[in-house]
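Each chain is listed here by its residues.
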Amino acid sequence: MTVNLEVSEGVGTLRLDRPPMNALDVATQDRLRELAEEAGRRDDVRAVVVYGGEKVFAAGADIKEMQAMDHTAMVLRARALQDSFTAVARIPKPVVAAVTGYALGGGCELALCADFRIAADDAKLGQPEILLGLIPGAGGTQRLARLVGPSKAKDLIFTGRMVKAQEALTIGLVDRVVPADEVYAQAHAWAAKLAQGPAIALRAAKESIDTGLETDIDTGLAVERSWFAGLFATADRETGMRSFVEEGPGKAKFL
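The shown structure was predicted, so the numbers you read here are calculated from the model rather than taken from an experiment.

1. Points about the sheet that holds strand β9 (residues 176-178)
By definition, the strands of a sheet pair up through backbone hydrogen bonds, in either a parallel or an antiparallel sense. The six strands lie next to each other as β1-β2-β3-β4-β6-β9, forming an open sheet whose pairing is mixed. Edge strands, defined here as strands with exactly one partner in the open sheet, are β1 (3-8) and β9. Pairs of neighbouring strands in the sheet enclose a mean axial angle of 20°, with direction left out of account. Of the pairings in the sheet, the one linking strand β3 (residues 47-51) to strand β4 (residues 95-99) comprises four bridges and is parallel in character. Paired with V48 across the strands is V95, a residue of β4.

Here is the structure:
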């Protein structure tokens, strides 16, 4: 399989496994969507790490496969391409990308689907599609601009240049830079910590933030208000408040 789902300590690792560069061909895209949806459904998965292995995250789409596609073929495929990445972005649980080596084109777009990005100190990221006479087609024009702002997104997309990890950190493309051999361990630790938190509240927080970024503030506030009130019906809310009153903050243990 080109993508695998491995579960440990409440963390599901979506592991890309298509050597040597984890090129994201159609089969890999479809498998990614399938496993992202599975991770979203499974009760034993409470947080997710997206990982490409020690050497490379994902160097982009399979260019040879794309070269053979004409306009009609891509019209029929483009929605499925986007949907495979959106499935990762819509996992209703915390998602962290563990970025090693190259995260280019579709690889960068996949990292953008995570809630948090930890990158190796020698990682390189970018959207080089313009160098092929194309633009990003798996969400890059939308998610990158929302993350780093339109000017920085246009710089990367217009030029197709790669950025090293430190610049990526400076512009907000990644959230933490660590030694390459610590990337997965730190990503898993971040996810495992959140996996111990209140699952429904985390889902509510993610949906409220993401919806607010995609719509007007009144709609975002309505989503927040609905979730906030709804959480008062959950056992986690009872556990959290009881623990706060009896033991002080930060000591609640959620099931």
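Once the structure has been displayed, the description carries forward.
2. Concerning the state of the cysteines
A complete count under the given rule lists zero disulfides for this structure. Distance from the sulfur of C108, which forms no disulfide, to the nearest cysteine sulfur (C113) is 10 Å. What makes C108 buried here is its relative accessible area of 1%.

3. So, unusual backbone geometry
With an omega of 5°, the peptide bond between P19 and P20 qualifies as cis. Position of P20 relative to the elements: it lies in the loop between β2 (11-16) and α1 (26-41). Despite not being glycine, E9 has its phi angle at roughly 55°, a positive value. As for its position among the elements, E9 is in the loop between β1 and β2. Judged by its relative accessible area of 61%, E9 is exposed. Of note in the backbone geometry, N22 takes a positive phi value of approximately 55° without being a glycine.

Calculation criteria
- Residues numbered from 1 in each chain as written.
- Predicted model: local features only at pLDDT ≥ 70, side-chain atom pairs only at ≥ 80, totals over all residues.
- Heavy atoms only, no water.
- Pairing = 2+ DSSP bridges.
- Helix = DSSP H or I, 4+ residues; strand = E, 2+ residues; numbered from the N terminus.
- Axes fitted to C-alpha atoms, helices over the stretch in contact; angles between N-to-C directions.
- Disulfide = S-S within 2.5 Å.
- Buried < 20%, exposed > 50% of the residue type's maximum accessible area, 1.4 Å probe, protein only.

Any functional reading would require information that these geometric values do not contain.
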